[in-house]
Amino acid sequence: MAGQQFHDGQVDARIVRREEVARDHVELILESPALARAVPGQFAHILTPGMLRRPVSFSRIEPDSGRVGLLFQVVGEGTAWLANCQEGERLDILGPLGHGFAPPDPSRPWCLVGGGVGIPPLYSAAAQWRESAPDVIIGARTREWVLMQKDFEQLGLGVRVTTDDGSWGQAGTVIGPLQEWLEGHADGQVFSCGPTPMLAAVASACRGRAAAQVALEQRMGCGIGACLACVVPARGQTQMEYRRVCTEGPVFLAEELIW
Ligand SMILES: Cc1cc2nc3c(=O)[nH]c(=O)nc-3n(C[C@H](O)[C@H](O)[C@H](O)COP(=O)(O)OP(=O)(O)OC[C@H]3O[C@@H](n4cnc5c(N)ncnc54)[C@H](O)[C@@H]3O)c2cc1C
Ligand code: FES
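Everything numeric here is computed off the predicted structure, so don't read it as measured data.

Asker: Just checking my understanding: could you explain the site of ligand 1 for this structure?
Answerer: Around ligand 1, the surrounding shell holds 20 residues, and the nearest of these are F72, G76, G78, T79 and V117. Looking at the shell around ligand 1, the elements that each hand over two or more residues are β4 (54-62), β5 (67-73) and α1 (77-83). At four residues, β4 tops the list of elements feeding residues into the shell around ligand 1. Shared between two domains, the shell around ligand 1 takes at least three residues from each, and those domains are domain 1 (10-97) and domain 2 (110-256).

Structure (structure tokens):
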């Protein structure tokens, strides 16, 4: 759905930095000019030995230095293996894969709405299209899981933070601040990534009021369109159709999907 996308094959990428950025969250910075041609919203499909590859979005895309970032939460065996990788080691990656975000129209206001591990790909979008200065709304369950707030602020962007338990920023979800933003900005554009229930609420809030692009983080198998493990229901011309998140997404127009 977006503009130009780069698709490379198999890439051997060296880890140049490893940082524990929050409890159970690690960011790896990789050196790979091929991956650094990615569009925000595209993802890396990472070989984790003895398992299916694991998909992770790019948190940073720096074509000038030929580096990218992967910021992930440790939730199971694959991400635990990845979190144990050290500087100097190399990763076997398929990518960049999928369709990323279409660039924002710089003449219209835009807003990034992210939840949990959906925040990192939005940071790469903010950094790439920083001239048109988006507003940023990010949410997490609790204070220690708020990701990349300082990174957004270092871009000079205003950031509103929500936590489910009220331990940082405003108590509640990102939907409250999003509703306020929609009321104050006609003809806006919303870019969002996060858990599916949050994206469904974003899609509902934006319906008829703003154009929304959403990046799904669906469970995946092959990552290249062959196994159909990742399909989601979408509106076809005359009837429901299935779309593959790995190749036709992970970024979709919110109105295109059946929530
Ligand atoms: C396009 C895409 C981009 C992604 N980007 C990121 C990212 O930037 N950062 C990040 O932390 N994660 C991201 N994910 C999710 C990440 O791929 C999974 O967390 C990872 O594959 C889990 O592997 P595991 O072996 O550690 O856990 P598993 O052992 O496979 O699973 C552990 C637990 O997590 C659940 N789980 C696994 N995958 C998902 C998923 N996709 N959605 C919801 N629950 C899941 C399982 O049901 C299980 O309860 C992305 C997923 C996709 C499809
Ligand atoms: S993960 Fe195999 S078709 Fe999408």
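Asker: Would you take a moment to explain the sheet that holds strand β8 (residues 135-140) for this structure?
Answerer: Spatial strand order, β10-β9-β8-β7-β11-β12-β15: seven strands in an open sheet with mixed pairing. Pairing within the sheet leaves two strands with one partner each, and these edge strands are β10 (170-171) and β15 (251-253). Pairing geometry for strand β9 (residues 159-163) and β10, over two bridges, is parallel. Residue pairing in the sheet places T163 in a bridge with A171 of β10. Against the sheet, helix α2 (residues 119-128) contacts β7 (110-115), β8, β11 (188-193) and β12 (210-215), and its axis sits at roughly 155° relative to β7.

Asker: Whenever I open this one, the sheet that holds β5 confuses me. Can you help?
Answerer: If you trace the six strands once around the closed barrel, you get β1-β2-β5-β4-β3-β6, paired in antiparallel fashion. Averaged over neighbouring strand pairs, the angle between their axes works out to 45° when direction is ignored. Strand direction decides the pairing type here: strand β1 (residues 10-22) and strand β6 (residues 90-97), joined by five bridges, are antiparallel. In the strand pairing of β6, R14 is matched with R90. Along the sheet face, α2 touches β4 and β5 and points at about 25° away from the line of β4.

Asker: Would you mind showing me how to read the pairing of strand β3 (residues 43-46) here?
Answerer: Regular strands place their side chains on alternate faces of the sheet. Burial of β3 is two-sided: the residues F43 and H45 facing one way and the residues A44 and I46 facing the other way are all buried. Note: β3 against β4, four bridges, orientation antiparallel. Paired with I46 across the strands is R54, a residue of β4.

Asker: What exactly am I supposed to notice about helix α5 (residues 196-206) here?
Answerer: Spacing of three or four residues puts side chains on the same side of an α-helix, whose turn is 3.6 residues. Considered for burial, the residues of α5 that qualify are M198, L199, A201, V202, A203, A205 and C206. Of the surrounding secondary structure, the elements contacted by the buried residues of α5 are β7, α4 (175-184), β11 and β12.

Asker: Please clarify how the pairing of β11 should be interpreted in this entry.
Answerer: A large share of β11 lies buried, amounting to six of its six residues. With burial as the criterion, each face of β11 is covered, one bearing G188, V190 and S192 and the other bearing Q189, F191 and C193. With six bridges joining them, β11 and β12 adopt parallel strand pairing. Residue V190 lies in a different strand from β12, and its bridge partner there is A212. Regarding the hand of the β-α-β motif, the stretch spanning β11, α5 and β12 is right-handed.

Asker: Looking at this structure, I do not really get unusual backbone geometry. What am I missing?
Answerer: Residues other than glycine predominantly adopt negative phi, and peptide bonds predominantly adopt the trans conformation. Residue G95 is joined to P96 through a cis peptide bond whose omega torsion reads -5°. Residue placement: P96 occurs in strand β6. That bond from G249 to P250 is cis: its omega, 10°, falls within 30 degrees of zero. With respect to the secondary-structure elements, P250 resides in the loop between β14 (240-244) and β15. One non-glycine residue, A133, lies in positive phi territory at about 30°. Looking at the element boundaries, A133 is found in the loop between α2 and β8. When the 15 C-beta atoms within 10 Å are taken as the criterion, A133 is described as partly exposed. Not every positive phi belongs to a glycine, and M148 is a case in point at roughly 65°. Mapped onto the elements of the fold, M148 is located in the loop between β8 and α3 (149-154).

Asker: When you look at the domain arrangement of the chain in this model, what are you seeing that I'm missing?
Answerer: By a widely used convention, the size of an interface equals the accessible area lost when the partners come together. For the chain, the domain assignment lists domain 1 (10-97) and domain 2 (110-256). Taking only C-alpha atoms, the centre of domain 1 and the centre of domain 2 are 20 Å apart. Taken together, the contacts link 21 residues of domain 1 with 19 residues of domain 2. Every element with two or more residues in the side of domain 1 that touches domain 2 is listed here: β1, β3, β4, β5 and β6. Its residues placed into classes, the side of domain 1 that touches domain 2 shows 12 nonpolar, six polar and three charged.

Each value, and the rule that gives it
- Residues numbered from 1 in each chain as written.
- Chains lettered and ligands numbered in written order.
- Predicted model: local features only at pLDDT ≥ 70, side-chain atom pairs only at ≥ 80, totals over all residues.
- Near = placed C-beta within 6 Å.
- Helix = DSSP H or I, 4+ residues; strand = E, 2+ residues; numbered from the N terminus.
- Domains from an automatic or database assignment.
- Pairing = 2+ DSSP bridges.
- Contact = placed C-beta atoms within 7 Å.
- Axes fitted to C-alpha atoms, helices over the stretch in contact; angles between N-to-C directions.
- Buried ≥ 20, exposed ≤ 12 C-beta atoms within 10 Å, placed from the backbone.
- Right-handed = clockwise from strand over helix to strand, strands pointing away.
- Nonpolar A, V, L, I, M, F, W, Y, C, P; charged D, E, K, R; others polar.

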